[in-house]
Amino acid sequence: MITTEQINRILNVNDSYKQPAKLLDFMLDDKKRVETFLQFLEIETNMSYEWFQEAYELEHADRKGNKQDFTPHSVANLITRLTLDDSPTHYFESACGNGGIMIQHWNEQRLRVGIGNYNPKAFWYQVEELSDRSLPFLIFNMAIRGINGVILHGDSIAREFKDVYFIRNMREQYGAFSEVIKMEKTEILMNELNIGKWV
C-alpha cells in the first residue's frame, strides 16, 4: 500500500487534506498527469488493487456525512467473479468511491483475455461518484491503468451531476495511460448519459 507520506511527497503538499485538490489539478494537466503516474510507479507497479485505500480511509473517508466505507479486496474479488460474465465488455457502477471494485473487474478482464491480447478500446467503463474527495483518486485509478470510460461526478439517485470526465485510451495494447478530458456541459451529453440536471 502507498502511504500518506508518499502521496504528500509526490503531490508536494504538506497536509493530507490538500491531496484531492492537488491530484485533480495534476490529472487535468497532460504533462503533470504522466509525471505523477511515473512517480507512483516507482513505488508500486502492481495494478491489480486500489493503492490508496488504506491512506484514504485514514485521511479522507466521510463515514458520518457521506456514509463512505470501502469494500474489502476479498469482497470486491467475489463480486467481480459473480458478475463479470453478465456484461463482458461494459461496466457500470454508481457510488464507485476510489474504484476498488472497478479495478478488480478490470484486472479480471485483462487476465481472462491475456495481457498480451488485452485491447483497452474493447472495453467501456461508466462510473459515478458523489464525493469531491474520492473523484481525483478515481480519475487517477482509471487513467493510470489505461481504462476507457466516463466518470459522472454527482448524485446517481437524483441524476444531478457537477461534471463529466472522459477517460480515453486510444492505444490498442496494455500499458498505455489514458487521457483525462473534462467534458463540456451540453444537452447532448445529458441525453447520452441520462443526466437529469447539471449542478
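In what follows, the structure referred to is the one given above.
Throughout this description, residue numbers start from 1 for each chain and increase along the sequence as written. Whole-chain, interface and lining totals are the exception, using all residues; otherwise, since this is a predicted model, local features are given only for residues with pLDDT of at least 70 and side-chain atom pairs are given and counted only at 80 or more. The basis for every side-chain value is the complete set of non-hydrogen atoms in the structure, without hydrogens or water.

Draft legend 1. Representation of the overall build of the protein chain within the structure. A helix here means a DSSP run of H or I that spans at least four residues, while a strand means a run of E at least two residues long, and both kinds are numbered starting from the N terminus. When helices and strands are tallied, the protein chain shows 8 helices and 6 strands. Helices (α) and strands (β) of the protein chain occur, in sequence order from the N terminus, as α-α-α-α-α-β-α-β-α-β-β-β-α-β. Among the 199 residues that make up the protein chain, the fraction classed as buried is 47%. Long-range contacts, defined as pairs at least 24 residues apart, comprise 63% of the intrachain contacts of the protein chain with a sequence gap of at least 6. Surface exposure here means Shrake-Rupley accessible area, sampled with a 1.4 Å probe, where a residue is shielded only by the protein chains that are shown. Of the accessible surface of the protein chain, which amounts to about 10100 Å², a share of 50% is contributed by carbon and sulfur atoms. Only protein chains enter the area calculation, which uses a 1.4 Å probe; residues under 20% of their type maximum are buried, those over 50% are exposed, and those in between are partly exposed. The contact rule is simple, with two residues in contact once any of their heavy atoms fall within 4.5 Å.

Draft legend 2. Summary view of helix α7 (residues 134-144). With respect to burial, α7 is a largely interior element, 11 of its 11 residues being buried. Within α7, the full set of buried residues consists of Ser134, Leu135, Pro136, Phe137, Leu138, Ile139, Phe140, Asn141, Met142, Ala143 and Ile144.

Draft legend 3. Fine view of the packing of helix α1 (residues 4-11) against helix α2 (residues 19-27). Here α1 crosses α2 at 50°, and the two axes come no closer than 10 Å. When the axis of α1 is compared with that of α2, the two are oblique. Here α1 and α2 pass one another in a crossing that is left-handed. For the pair formed by α1 and α2, the contact residues are Thr4, Ile7, Asn8, Ile10 and Leu11 on the first element and Gln19, Lys22, Leu23 and Phe26 on the second. Residues belonging to the contact of α1 with α2 are distributed by class as follows: 5 nonpolar, 3 polar and 1 charged. Inter-axis angles, ranging from 0 to 180 degrees, are taken between N-to-C directions of lines fitted to C-alpha atoms, where helices are fitted over the stretch in contact. Working rule for angles: under 35 degrees goes down as roughly parallel, over 145 as roughly antiparallel, 65 to 115 as roughly perpendicular, anything else as oblique. Crossings are assigned a handedness: left-handed for a near helix turned anticlockwise from the far helix by less than a right angle, right-handed for a clockwise turn. Residue type decides the class: Asp, Glu, Lys and Arg count as charged, Ala, Val, Leu, Ile, Met, Phe, Trp, Tyr, Cys and Pro as nonpolar, and the leftover types, Gly among them, as polar.

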